[in-house]
Amino acid sequence: MDLSRDYTRLTPFADGQALAAGLAEAVAADLRAAIARNGKAALAVSGGSTPKRFFQQLRDKDLDWSKVTVTLVDERWVGEQSERSNAALVRQGLLQGPAAAARFLPLYRDLPEPEQALAEVEHDLDRQALPLDVAILGMGEDGHTASFFPGGDYLGRALDLSSGERVLPMHAEGAGEPRITLTLPVLAASGRLYLHVEGKKKADVLSTACSDEGARYPIHAVLTATNGAVETYWSP
């Protein structure tokens, strides 16, 4: 994969299992360091199918999970009874074994629309999770990351580094359900920001995003805004 060092630092792995193990070890080290500094740590993870093996590796790591708050980078506006719920995925995949001692802060609230929950979610994030010590992003084949979807109705605001907004709703053709997402300023302020990418198609998208022609992809905005600080973990 041809990635400019000006955009991201690439760590390649032979396969997804090796990537999951390597990423889990790195994140666990970050969380231990945050706990040593501050007595606590905050981690934001992404949903979807890609992080499942990573969750299984991370949940058994030797760290004081009782001092860790776990939240989500973004969420579909569905309850945890839905198979589409990122919160349900995190509870089932990550918050097991030693990691069950962590505090979990979901983004979904039992309200009809994400717009109605923004104030409550921002308040909870400010009180329990921000600033993030570690955030882990995924990426779709359309170049979206978090819920920064091409054509999203709040995309410009979500990517505005001068905005004081921490969470925003997102409606987009490629998103399916309405979404709620952390904004770019929150992600860019993370102590460590990872991008977890698997597969050749996504590698091709990311290579394009790391070029002058990549501005059409929302991930390009994240990479440029963070001045090469994103750690990309990739496997075929």
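Basis of the calculations
- Residues numbered from 1 in each chain as written.
- Predicted model: local features only at pLDDT ≥ 70, side-chain atom pairs only at ≥ 80, totals over all residues.
- Heavy atoms only, no water.
- Helix = DSSP H or I, 4+ residues; strand = E, 2+ residues; numbered from the N terminus.
- Rg over C-alpha atoms; globule rule 2.2 N^0.38 Å.
- Contact = heavy atoms within 4.5 Å.
- Areas by Shrake-Rupley, 256 points an atom, 1.4 Å probe, with all protein chains shown as cover.
- Lys, Arg positive; Asp, Glu negative; His and termini not counted.
- Charge placed at Lys NZ, Arg CZ, Asp CG, Glu CD.
- UniProt positions renumbered as here; feature names shortened; annotations may be inferred.
- Buried < 20%, exposed > 50% of the residue type's maximum accessible area, 1.4 Å probe, protein only.
- Pairing = 2+ DSSP bridges.
- Phe/Tyr/Trp six-rings, centres within 6.5 Å; stacked < 30°, edge-to-face > 60°.
- Salt bridge = Lys/Arg side-chain N within 4 Å of Asp/Glu carboxyl O.
- Core = buried A, V, L, I, M, F, W, Y, C linked by side-chain atoms within 4.5 Å.
- Axes fitted to C-alpha atoms, helices over the stretch in contact; angles between N-to-C directions.

Undergrad: What exactly am I supposed to notice about the overall build of the protein here?
TA: A tally of regular secondary structure across the protein gives eight helices and 10 strands. Relative to the compact-globule value of 18 Å for 236 residues, the protein shows a C-alpha radius of gyration of 16 Å, a close match. Along the three orthogonal principal directions, the C-alpha set of the protein runs to about 45 × 40 × 35 Å. Long-range pairs, those at least 24 residues apart, make up 75% of the contacts in the protein with a sequence separation of at least 6. By element, 47% of the accessible surface of the protein is carried by carbon and sulfur atoms, the whole surface being about 10,000 Å². For the protein, the distance from the average position of its 24 positive side-chain charges to the average position of its 32 negative side-chain charges is 5 Å.

Undergrad: Hey, could you run me through the UniProt feature "domain: Glucosamine/galactosamine-6-phosphate isomerase" (unreviewed entry) in the protein in this one?
TA: Here the UniProt-annotated "domain: Glucosamine/galactosamine-6-phosphate isomerase" (unreviewed entry) positions come out as residues 15-227. Note that residues 15-227 is 36% helix and 16% strand, and that its end C-alpha atoms are spaced 27 Å apart.

Undergrad: Help me understand the pairing of strand β7 (residues 167-170), please; the structure alone is not making it clear to me.
TA: The two faces of a sheet get side chains in turn, since along a regular strand they alternate between them. Side-chain alternation along β7 places Val167 and Pro169 on one buried face and Leu168 and Met170 on a second face that is also buried. Of the pairings in the sheet, the one linking β7 to strand β8 (residues 179-182) comprises four bridges and is antiparallel in character. Its bridge partner being in β8, Met170 is matched across the sheet by Arg179.

Undergrad: Honestly, the packing of aromatic side chains in this entry has me stumped. Any pointers?
TA: Any two aromatic rings considered together are summarised by their centre-to-centre distance and by the angle between their planes. Enumeration over the complete set of coordinates arrives at four aromatic pairs. With a centroid separation of 5.8 Å and 45 degrees between ring planes, the pair formed by Phe54 and Phe55 is classed as tilted. By the burial criterion, Phe54 is buried, and Phe55 matches it. Three or more aromatic residues joined by ring pairs form one cluster here, namely Phe13, Tyr194 and Tyr233.

Undergrad: So what exactly am I meant to see when it comes to unusual backbone geometry here?
TA: As a rule of thumb, non-glycine residues mostly have phi less than zero, and peptide bonds are mostly trans rather than cis. With an omega of -5 degrees, the peptide bond running from Leu130 to Pro131 counts as cis. Looking at the element boundaries, Pro131 is found in the loop between α4 (118-128) and β6 (134-137). Phi is positive for Ala146, close to 50 degrees, though the residue is something other than glycine. On the secondary structure map, Ala146 appears in the loop between β6 and α5 (155-158). At Asn227, a residue that is not glycine, the phi angle is positive and equals roughly 55 degrees. Take Asn227: it is sitting in the loop between α8 (218-225) and β10 (230-235).

Undergrad: Looking at this model, I keep getting lost on the pattern of salt bridges. Mind explaining?
TA: Side-chain pairing between opposite charges can occur once the charged atoms of the two side chains come close. Considering all chains together, one arrives at 17 salt bridges under this definition. Between Asp124 and Arg109 there is a salt bridge, with its nearest N and O atoms 2.7 Å apart. Of the two residues, Asp124 sits in helix α4 while Arg109 sits in the loop between β5 (103-105) and α4, which places them 15 residues apart along the sequence. Given a relative accessible area of 11%, Asp124 falls into the buried group. Three or more residues joined by partner-sharing salt bridges are found here, namely Arg109, Glu120, Asp124 and Arg127.

Undergrad: Is there a simple way to explain the nonpolar core in this structure?
TA: Buried together is how nonpolar side chains tend to be arranged in soluble globular proteins. Membership of the largest hydrophobic core comes to 76 residues, with the highest contact counts inside it found for Val27 and Val70. Here this core takes 10 residues from helix α1 (residues 16-38), the largest share from any one element. With sequence-adjacent residues up to four places away left out, Val27 is seen in contact with Leu43, Phe54, Leu58, Val134, Ile136 and Tyr194.

Undergrad: Before we go on, may I ask you to explain the sheet that holds β6 in this structure?
TA: Sheets are built from strands paired through backbone hydrogen bonds, the pairs being either parallel or antiparallel. Here we have seven strands laid out as an open sheet, ordered β1-β10-β9-β6-β2-β3-β5, and parallel in their pairing. Only two strands of the sheet have a single neighbouring strand rather than two, namely β1 (8-12) and β5. Strand-to-strand, the axes of this sheet are offset by a mean angle of 20 degrees, without reference to chain direction. Pairing geometry for β1 and β10, over five bridges, is parallel. When the bridges of β10 are listed, Thr8 appears paired with Val230. Across the sheet, α1 touches β2 (41-45), β3 (68-72), β6, β9 (192-198) and β10, and the angle it forms with β9 is around 170 degrees. The strands that α4 touches are β3 and β5; relative to β5, the one it contacts most, it runs at about 150 degrees.

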